Amino acid sequence: VLEMKPTKVSGNDLILAAIEPILIPLEIREISFNITGGHNLLYCDVHWTREAILNIAKNCMEHTKSGGKLEFSVNDNPLYSEIKISDTGVGISKEDLPHIFTRFYRGKNSSKESVGIGLSMSKSIIRNQGGDIRVESQVGKGSTFYIRLYKSII
(Lines give C-alpha, C1' and ligand atoms only; values in the text may rest on other atoms or scores of the structure.)
Protein backbone atom coordinates (compact mmCIF):
# COMPACT_ATOMS: atom_id res chain seq x y z
CA VAL A 1 0.00 0.00 0.00
CA LEU A 2 1.36 3.38 -1.01
CA GLU A 3 1.14 6.17 1.54
CA MET A 4 0.17 9.41 -0.16
CA LYS A 5 1.23 12.79 1.22
CA PRO A 6 -0.53 15.40 -0.92
CA THR A 7 0.81 18.94 -1.24
CA LYS A 8 0.34 21.79 -3.70
CA VAL A 9 2.74 21.98 -6.62
CA SER A 10 2.77 23.86 -9.90
CA GLY A 11 2.10 21.72 -12.93
CA ASN A 12 5.26 23.02 -14.56
CA ASP A 13 7.48 22.07 -11.61
CA LEU A 14 5.90 18.62 -11.35
CA ILE A 15 6.25 17.81 -15.05
CA LEU A 16 9.81 19.13 -15.34
CA ALA A 17 10.84 17.07 -12.29
CA ALA A 18 9.11 14.01 -13.74
CA ILE A 19 10.78 14.13 -17.15
CA GLU A 20 14.22 15.16 -15.90
CA PRO A 21 15.53 11.55 -16.10
CA ILE A 22 14.59 11.31 -19.79
CA LEU A 23 15.74 14.75 -21.00
CA ILE A 24 18.96 13.39 -22.51
CA PRO A 25 17.24 10.45 -24.27
CA LEU A 26 14.63 12.91 -25.62
CA GLU A 27 17.42 15.12 -26.97
CA ILE A 28 19.31 12.17 -28.50
CA ARG A 29 16.12 10.96 -30.19
CA GLU A 30 15.34 14.54 -31.30
CA ILE A 31 11.93 14.44 -29.63
CA SER A 32 10.73 17.85 -28.51
CA PHE A 33 8.40 18.55 -25.61
CA ASN A 34 6.13 21.39 -24.62
CA ILE A 35 4.20 22.22 -21.44
CA THR A 36 1.04 24.35 -21.46
CA GLY A 37 -0.98 25.39 -18.43
CA GLY A 38 2.00 24.76 -16.17
CA HIS A 39 1.01 27.71 -13.96
CA ASN A 40 -1.96 25.67 -12.66
CA LEU A 41 -1.54 24.22 -9.19
CA LEU A 42 -2.09 20.55 -8.49
CA TYR A 43 -2.84 18.92 -5.15
CA CYS A 44 -1.16 15.53 -5.15
CA ASP A 45 1.61 13.42 -3.69
CA VAL A 46 4.52 15.02 -5.56
CA HIS A 47 6.89 12.03 -5.32
CA TRP A 48 4.46 9.38 -6.51
CA THR A 49 2.70 11.53 -9.12
CA ARG A 50 6.10 12.43 -10.55
CA GLU A 51 6.79 8.68 -10.84
CA ALA A 52 3.46 8.09 -12.63
CA ILE A 53 4.15 10.91 -15.11
CA LEU A 54 7.69 9.63 -15.75
CA ASN A 55 6.39 6.13 -16.53
CA ILE A 56 3.87 7.49 -19.03
CA ALA A 57 6.34 9.95 -20.60
CA LYS A 58 8.96 7.20 -20.94
CA ASN A 59 6.39 4.97 -22.64
CA CYS A 60 5.45 7.82 -25.00
CA MET A 61 9.10 8.51 -25.80
CA GLU A 62 9.84 4.85 -26.55
CA HIS A 63 7.01 4.75 -29.09
CA THR A 64 7.75 8.09 -30.79
CA LYS A 65 10.10 8.32 -33.76
CA SER A 66 12.92 10.84 -34.11
CA GLY A 67 11.57 14.32 -34.76
CA GLY A 68 8.34 13.59 -32.88
CA LYS A 69 6.76 15.55 -30.04
CA LEU A 70 5.50 15.10 -26.50
CA GLU A 71 2.89 17.58 -25.31
CA PHE A 72 2.05 18.09 -21.64
CA SER A 73 -0.85 20.22 -20.51
CA VAL A 74 -2.27 20.98 -17.10
CA ASN A 75 -5.88 22.08 -16.79
CA ASP A 76 -7.91 22.92 -13.74
CA ASN A 77 -11.63 23.15 -13.07
CA PRO A 78 -13.81 23.02 -9.93
CA LEU A 79 -14.07 19.19 -10.04
CA TYR A 80 -10.56 18.05 -10.92
CA SER A 81 -7.10 18.92 -12.16
CA GLU A 82 -6.04 17.14 -15.34
CA ILE A 83 -2.61 16.35 -16.72
CA LYS A 84 -2.70 15.45 -20.39
CA ILE A 85 0.30 13.74 -22.00
CA SER A 86 0.22 13.36 -25.80
CA ASP A 87 2.73 11.92 -28.23
CA THR A 88 3.09 11.73 -31.99
CA GLY A 89 4.10 8.09 -31.75
CA VAL A 90 3.01 4.87 -33.40
CA GLY A 91 -0.21 4.64 -31.39
CA ILE A 92 -1.79 1.68 -29.62
CA SER A 93 -3.81 -0.94 -31.47
CA LYS A 94 -7.48 -1.43 -30.61
CA GLU A 95 -6.66 -4.95 -29.43
CA ASP A 96 -4.01 -3.69 -26.98
CA LEU A 97 -5.87 -0.60 -25.75
CA PRO A 98 -8.09 -2.30 -23.12
CA HIS A 99 -5.06 -4.04 -21.58
CA ILE A 100 -2.26 -1.48 -21.43
CA PHE A 101 -2.80 -0.71 -17.73
CA THR A 102 -2.76 -4.44 -16.84
CA ARG A 103 0.31 -5.55 -14.92
CA PHE A 104 2.89 -7.39 -17.07
CA TYR A 105 0.92 -6.80 -20.26
CA ARG A 106 3.13 -6.16 -23.26
CA GLY A 107 1.46 -4.91 -26.42
CA LYS A 108 2.43 -5.61 -30.01
CA ASN A 109 4.68 -2.56 -30.21
CA SER A 110 6.42 -3.13 -26.85
CA SER A 111 10.18 -2.86 -26.77
CA LYS A 112 12.13 -6.00 -25.91
CA GLU A 113 13.25 -4.40 -22.63
CA SER A 114 9.68 -3.73 -21.51
CA VAL A 115 8.33 -5.85 -18.65
CA GLY A 116 4.88 -4.28 -18.66
CA ILE A 117 4.74 -2.68 -15.22
CA GLY A 118 5.18 1.07 -15.84
CA LEU A 119 1.65 1.93 -16.96
CA SER A 120 0.13 -0.44 -14.40
CA MET A 121 2.11 1.28 -11.65
CA SER A 122 1.04 4.71 -12.94
CA LYS A 123 -2.61 3.68 -12.74
CA SER A 124 -2.15 2.35 -9.21
CA ILE A 125 -0.46 5.59 -8.08
CA ILE A 126 -3.22 7.79 -9.51
CA ARG A 127 -6.02 5.56 -8.19
CA ASN A 128 -4.47 5.59 -4.69
CA GLN A 129 -4.97 9.36 -4.76
CA GLY A 130 -8.63 9.01 -5.69
CA GLY A 131 -7.85 9.89 -9.30
CA ASP A 132 -8.28 8.21 -12.63
CA ILE A 133 -6.22 7.61 -15.74
CA ARG A 134 -7.29 6.78 -19.27
CA VAL A 135 -5.85 6.76 -22.76
CA GLU A 136 -7.05 7.49 -26.28
CA SER A 137 -4.99 6.36 -29.24
CA GLN A 138 -4.97 5.94 -32.99
CA VAL A 139 -2.47 3.71 -34.73
CA GLY A 140 -0.05 5.86 -36.71
CA LYS A 141 -1.19 9.10 -35.07
CA GLY A 142 -0.14 8.80 -31.44
CA SER A 143 -1.63 8.51 -27.99
CA THR A 144 -3.01 10.82 -25.33
CA PHE A 145 -3.04 9.92 -21.64
CA TYR A 146 -5.37 11.76 -19.26
CA ILE A 147 -4.63 11.87 -15.53
CA ARG A 148 -7.45 13.30 -13.44
CA LEU A 149 -6.90 14.26 -9.82
CA TYR A 150 -10.32 14.83 -8.28
CA LYS A 151 -10.79 17.58 -5.71
CA SER A 152 -13.33 15.56 -3.73
CA ILE A 153 -14.54 11.98 -3.70
CA ILE A 154 -17.13 11.22 -6.37
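Only a predicted model underlies this, so the values are computations on that prediction, with no experimental measurement involved. (Residues numbered from 1 in each chain as written. Predicted model: local features only at pLDDT ≥ 70, side-chain atom pairs only at ≥ 80, totals over all residues. Heavy atoms only, no water.)

**Student:** Would you mind showing me how to read the overall build of the protein here?
**Tutor:** Tallying secondary structure elements over the protein gives 4 helices and 7 strands in all. Put simply, the protein runs from its N terminus to its C terminus through helices and strands in the order β-α-α-β-β-α-β-β-α-β-β. Evaluated residue by residue, the protein yields a buried proportion of 42% over its 154 residues. For the protein, contacts bridging at least 24 residues in sequence account for 69% of all contacts bridging at least 6. (Helix = DSSP H or I, 4+ residues; strand = E, 2+ residues; numbered from the N terminus. Buried < 20%, exposed > 50% of the residue type's maximum accessible area, 1.4 Å probe, protein only. Contact = heavy atoms within 4.5 Å.)

**Student:** Explain the side chain of Thr49 here, please?
**Tutor:** Within the secondary structure, Thr49 is located in helix H3 (residues 46-62). Aside from chain neighbours lying at most four places away, what touches Thr49 is Leu14, Cys44, Ile125, Ile126 and Gln129.

**Student:** Can you help me understand the packing of aromatic side chains in this one?
**Tutor:** The geometry of an aromatic ring pair comes down to the distance between the two centres and the angle between the two planes. A full pass over the atoms with the stated rule returns 1 aromatic pair. Aromatic pair Tyr80 and Tyr150: ring centres 5.7 Å apart, planes at 70°, arrangement edge-to-face. Of this pair, Tyr80 sits in strand E5 (residues 80-87) while Tyr150 is found in strand E7 (residues 142-150), placing the two residues 70 residues apart along the sequence. The residue whose ring lies beneath Arg134 is Tyr146, and the NZ or CZ to ring-centre distance is 4.1 Å. (Phe/Tyr/Trp six-rings, centres within 6.5 Å; stacked < 30°, edge-to-face > 60°. Lys NZ or Arg CZ within 6 Å of the ring centre and 35° of its normal.)

**Student:** Help me out: how do you make sense of the layout of surface pockets in this one?
**Tutor:** Over the atoms rolls a probe the size of a water molecule, and its path tells where empty space is left. If you add up the space inside the second largest pocket, you get close to 300 Å³. In terms of lining, the second largest pocket is formed by 17 residues, of which the most central are Tyr43, Cys44, Leu149, Tyr150 and Lys151. Of all elements in the fold, only strand E1 (6-10), strand E3 (41-45) and E7 reach the threshold of two or more residues within the lining of the second largest pocket. Among the elements that line the lining of the second largest pocket, the one with the most residues is E3, at 5 residues. Of the residues in the lining of the second largest pocket, the class split is 9 nonpolar, 4 polar and 4 charged. (1 Å grid on protein atoms, 1.4 Å probe; cavity = no way out; pocket = protein on both sides within 12 Å on 5 of 7 lines; lining within 4 Å. Points joined across faces, edges and corners; volume = space filled by probe spheres on them. Nonpolar A, V, L, I, M, F, W, Y, C, P; charged D, E, K, R; others polar.)

**Student:** How should helix H4 (residues 118-127) be read in this particular structure?
**Tutor:** In an α-helix, one turn spans 3.6 residues, which is why side chains three or four residues apart end up on the same side. Residues of H4 that are buried: Leu119, Ser120, Ser122, Ile125 and Ile126. For H4, the secondary structure elements touched by its buried residues are H3, strand E6 (132-138) and E7.

**Student:** Teacher, can you tell me more about the sheet that holds E7 here?
**Tutor:** Strand pairs in the sheet, formed through backbone hydrogen bonds, run parallel or antiparallel to each other. Read across the sheet, 5 strands follow the order E2-E4-E5-E7-E6 without closing on themselves; strand pairing throughout is mixed. The open sheet is flanked by strand E2 (32-36) and E6, the only strands paired with a single partner. Strand-to-strand twist of the sheet, defined as the mean angle between neighbouring strand axes without regard to direction, takes the value 15°. Strand direction decides the pairing type here: E2 and strand E4 (residues 69-76), joined by 5 bridges, are parallel. (Pairing = 2+ DSSP bridges. Axes fitted to C-alpha atoms, helices over the stretch in contact; angles between N-to-C directions.)

**Student:** How should I be thinking about the nonpolar core in this particular structure?
**Tutor:** Inside soluble globular proteins, nonpolar side chains tend to come together where they are buried. Core analysis: the biggest nonpolar cluster contains 35 residues, and Ile53, Ile56, Phe72, Ile83, Ile85, Phe145 and Ile147 have the highest contact counts within it. Those elements giving two or more residues to this core turn out to be helix H1 (11-19), E3, H3, E4, E5, H4, E6 and E7. If one sorts the elements of this core by residue count, H3 sits on top with 7 residues. Apart from the residues lying within four places of it in its own chain, the contact partners of Ile147 are Ile53, Ile56, Ser81, Glu82, Ile83, Ile85, Ile126, Asp132 and Ile133. (Core = buried A, V, L, I, M, F, W, Y, C linked by side-chain atoms within 4.5 Å.)

**Student:** How do you make sense of a nonpolar patch on the surface when you look at a structure like this?
**Tutor:** A contiguous nonpolar patch, built from Leu16, Leu23 and Phe33 and spanning about 220 Å² of accessible area, is present on the exposed surface. By secondary structure assignment, the location of Leu16 is in helix H1. Leu16 sits in the partly exposed class, given a relative accessible area of 36%. (Patch = residues over 30% accessible without salt bridge, like charges linked within 9 Å, V, L, I, M, F, W, Y side chains within 5 Å. Areas by Shrake-Rupley, 256 points an atom, 1.4 Å probe, with all protein chains shown as cover. Salt bridge = Lys/Arg side-chain N within 4 Å of Asp/Glu carboxyl O.)

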